[in-house]
Amino acid sequence: MIVSEYILVAIFGLIIGSFLNVCIYRIPKKLSIVLPRSFCPKCKTAIKSWENIPIISYIILRGKCSNCKESISIRYPLVEAITAIMFLLIWHNLWFDLSIYRMLMNLFFVSVLIVVTFIDIDYLLIHDKITYPVIIIGIVLQAMYNSLGQTVLGFFIGGGIIYLFILLGKLFYGQDGMGGGDVKLGALIGVYLGWKMTLLSIFLACIVGSVISGILILLKKKKSDYIAFGPFMSLGAIISLLFGKRILDWYLYYRW
Ligand SMILES: [Zn+2]
């Protein structure tokens, strides 16, 4: 373990996290994610370079726009921190069983999940313009470096199970808690993780989702009857990606 490498990975994660914030803010508003420079949503003043340093600027500015003093959401530094932590964990896993290629793919996959999660929390929507290209990139990468058959299997099992959930929800409750975006997210996870880890992801998503929904209902914190399932699927996928192998080994070992 080389400490300087971990520091570099953390800095890289913070920078990517800062870009993910831009994606989360701009993609649902149909704005370009490249131009123009970031600006304050209230007074529209362009954010200066020194004000754009992940986490550090937020602390120096005490969470307020330097021009109009409008408070900046805590979510910006939070997304940056989450991204950096994910990157560190994926980098750490490299030492166990990953190739560099697989690691880069995982970094990309987790970044996409972070963007999907925060947009889904805000808008209850998973955008096709994110899922479609990411699925295609995943299939091409897997076909080049892995098994195309496994990838296609993951695609259909991931998407299929969520589709089945929707059908069953309609049948028993007369309503659909999930949407087509969730089916595409299931397929996307299937492409990147393969069918086994996708099953684990969805299983974990259901457990965490029921617990959190239960707590929200008890606290009466729920704004509507609908809770986005995408964030739970993303969380399940990230846990499976990082610890899935150990979870499955443990399960298979103690099952008897
Ligand atoms: Zn401002």
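Conventions and cut-offs
- Residues numbered from 1 in each chain as written.
- Predicted model: local features only at pLDDT ≥ 70, side-chain atom pairs only at ≥ 80, totals over all residues.
- Heavy atoms only, no water.
- Domains from an automatic or database assignment.
- Contact = heavy atoms within 4.5 Å.
- Buried area = accessible area lost by both parts, 1.4 Å probe.
- Salt bridge = Lys/Arg side-chain N within 4 Å of Asp/Glu carboxyl O.
- Polar contact = N/O pair within 3.5 Å; in protein donor to acceptor, adjacent residues only side chain to side chain.
- Helix = DSSP H or I, 4+ residues; strand = E, 2+ residues; numbered from the N terminus.

Undergrad: It is not clear to me how the domain arrangement of the chain should be interpreted in this structure. Could you clarify?
TA: In many reports, interface size means the accessible area that the parts give up when they come together. According to the domain assignment, the chain contains domain 1 (1-97) and domain 2 (99-256). The distance between the C-alpha centroids of domain 1 and domain 2 comes to 24 Å. Contacts between the two partners involve 21 residues from domain 1 and, on the opposite side, 21 residues from domain 2. Of the roughly 2,000 Å² buried where domain 1 meets domain 2, counting both sides, 77% is carbon and sulfur surface. When the buried area of domain 1 at its contact with domain 2 is split by residue, Ile27, Pro28 and Ile90 rank highest and sum to 27% of it. Taken together, domain 1 and domain 2 are joined by one salt bridge. Asp122 is the partner of Arg75 in a salt bridge, and the nearest nitrogen-oxygen pair spans 2.9 Å. Run the count over domain 1 and domain 2 and you get two residue pairs in polar contact (both at pLDDT 80 or more). Residue assignment for the side of domain 1 that touches domain 2 shows that the elements contributing at least two residues are helix H1 (3-26) and helix H3 (75-97).

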